[in-house]
Amino acid sequence: MISGLHLLLDSDSGNSETEEYSVPVSIPQDIPNEHNPRGYATKIRTIFVDIFLSTIRTIQDTFCAKFITLLMGNQEPIKASKYFTDNFEMDGVILCAAETHVKISVPQHDKHLFFYKDNAYTLNVLMISDHTKRIRYVIARFSGAFHDGYIWDASDVDQFFRKYRNYKILGRSGSFYSPKPWLVKPISDAVPNSSNAKFNFKHAKALYGAEDCFNLLKNRFRCILGSRPLPFTPQECATIINVCCALHNMCIEYNVPEIL
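Each value, and the rule that gives it
Residues numbered from 1 in each chain as written. Predicted model: local features only at pLDDT ≥ 70, side-chain atom pairs only at ≥ 80, totals over all residues. Heavy atoms only, no water. Helix = DSSP H or I, 4+ residues; strand = E, 2+ residues; numbered from the N terminus. Buried < 20%, exposed > 50% of the residue type's maximum accessible area, 1.4 Å probe, protein only. Contact = heavy atoms within 4.5 Å. Areas by Shrake-Rupley, 256 points an atom, 1.4 Å probe, with all protein chains shown as cover. Expected span 1.5 Å × (residues − 1). Salt bridge = Lys/Arg side-chain N within 4 Å of Asp/Glu carboxyl O. Pairing = 2+ DSSP bridges. Polar contact = N/O pair within 3.5 Å; in protein donor to acceptor, adjacent residues only side chain to side chain. Axes fitted to C-alpha atoms, helices over the stretch in contact; angles between N-to-C directions. pLDDT = per-residue confidence, 0-100. Disulfide = S-S within 2.5 Å. Core = buried A, V, L, I, M, F, W, Y, C linked by side-chain atoms within 4.5 Å.

## Here we look at the overall build of the chain
Secondary structure assignment for the chain yields seven helices and five strands. Of all 260 residues assigned to the chain, the portion counted as buried reaches 48%. In the chain, the share of contacts with a sequence separation of at least 24, taken over all contacts with a separation of at least 6, comes to 65%. When the accessible area of the chain is evaluated, it comes to approximately 14100 Å², of which 54% is carbon and sulfur surface.

## Comments concerning helix H7 (residues 234-253)
Under the 1.5 Å per step criterion, the end-to-end length of H7 is 29 Å for 20 residues, consistent within 8% with the ideal 28 Å. Counted residue by residue, H7 has 18 buried out of 20 residues, so it is predominantly covered. Trailing H7 by a residue or two, Asn 255 shows a phi angle of about 60°, which is positive.

## Concerning the pattern of salt bridges
Applying the stated rule across the entire model yields 11 salt bridges. Note that Asp 130 and Arg 136 form a salt bridge whose closest N and O atoms lie 3.1 Å from each other. For the pair shown, Asp 130 and Arg 136 are each scored as buried. Three or more residues are tied together by salt bridges with common partners; here these are Glu 76, Asp 130 and Arg 136.

## With respect to the pairing of strand S2 (residues 121-129)
Counting buried residues in S2 gives nine out of nine residues, a clear majority hidden from the surface. Examined bridge by bridge, strand S1 (residues 93-104) and S2 share nine bridges and lie antiparallel to one another. The partner of His 101 across the bridge, within S2, is Asn 124. Strand direction decides the pairing type here: S2 and strand S3 (residues 135-139), joined by four bridges, are antiparallel. Residue Leu 126 lies in a different strand from S3, and its bridge partner there is Ile 139.

## Topic: the side chain of Ser 143
Mapped onto the fold, Ser 143 is located in the loop between S3 and helix H4 (148-153). In this structure the side chain of Ser 143 is engaged in a polar contact, spanning 2.9 Å, whose partner is the backbone oxygen of Leu 113. Beyond its immediate sequence surroundings of up to four residues, Ser 143 is in contact with Leu 113, Phe 114, Thr 122, Leu 123 and Asn 124.

## Thoughts on the sheet that holds S2
Taken in spatial order, the five strands make up an open sheet running S3-S2-S1-S4-S5, and their pairing is mixed. In this open sheet, the two edge strands, each paired with only one partner strand, are S3 and strand S5 (183-184). Helix H3 (residues 76-88) rests against S1, S3 and strand S4 (168-170) of the sheet, and its axis sits at about 85° to S1. Each of S1, S2 and S3 is contacted by H7, which is oriented at about 30° to S2, the strand it contacts most.

## Quick word on the confidence of the model for the chain
A residue-level look at the chain finds 83% of positions with pLDDT of 70 or above and a mean pLDDT of 85. Throughout residues 1-31 the model reports pLDDT below 50, and contacts reaching past four residues in sequence, or to other chains, amount to 72 contacts.

## Thoughts on unusual backbone geometry
We note that Lys 133 has phi near 70°; this positive angle belongs to a residue other than glycine. Residue position: Lys 133 is located in the loop between S2 and S3. Its identity is not glycine, yet Asn 255 carries a phi of approximately 60°, on the positive side. Tracing the chain through its elements places Asn 255 in the segment after H7.

## Overview of the state of the cysteines
By the definition in use, this model includes zero disulfides. Here Cys 244 is not cross-linked by a disulfide; its sulfur's nearest cysteine counterpart is in Cys 223, at 4.1 Å.

## Describing the nonpolar core
What tends to happen in soluble globular proteins is that the nonpolar side chains get buried as a cluster. Counting residues in hydrophobic clusters, the biggest one holds 47 residues, and the most contacted among them are Met 127, Val 138, Leu 170 and Ile 241. Looking at this core, the elements that each hand over two or more residues are helix H2 (40-67), H3, S1, S2, S3, helix H6 (195-220) and H7. Ranked by residue count, the leading element in this core is H7, at 10 residues. Setting aside chain neighbours within four positions, we find Leu 170 in contact with Phe 84, Met 90, Val 93, Leu 95, Cys 96, Ala 97, Leu 183, Val 184, His 203, Ala 206 and Leu 207. In this structure, Leu 70, Leu 95, Ile 128 and Tyr 177 belong to the second largest nonpolar core, which totals 22 residues.

Take a look at the structure:
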């Protein structure tokens, strides 16, 4: 099931909008013409897209809440904290936060909200991962023009850390999150070879786990790698991203080999 869905997600979808797959019902589908030059091919394409999107929504409803969760057992935060302390001297850290932009086709509505840079339209995705490269949280519904700090404030992350007050999360230096007692970011304007610079070096090494998680996710599901935009509506693209994250975690759960 996992490898089959991987092939569907990696199919050559082109840059078309989903609506462009529809075929006028008054035109015989087996006769090539100016509206349907490939005959049945376009109708088959439409049927495939409908089935694909229905399947993706079902997978999201069935598996995402089960396999993507910030909730931890009694020993999980202890093990995570020990990992970051032993390897990077980052006491109390249990998770890493990072953002990534996923390219989508030009939206039909409010496209200015999705414009990012280099003539690309994107979703700005906040992901939180642990030291095992599991994605513990993902919020993919915000357009590329939204501020990182706004997306964080709209998430459930602060609510989680109000419960786990003794633990912390690493954040990127370039992110614009508002200061929080549980958010650890690099120290600005650190003098070379100073204690602050050494802290930033350890912080960067620890946060690389989140980057490694991103790379593994995108290598497994190349539809979000960025070589071409996802040819669906923003809402459908967000669903695809959520499902990719759930399947990524399933791969870890069932020891599927990593794709480098």
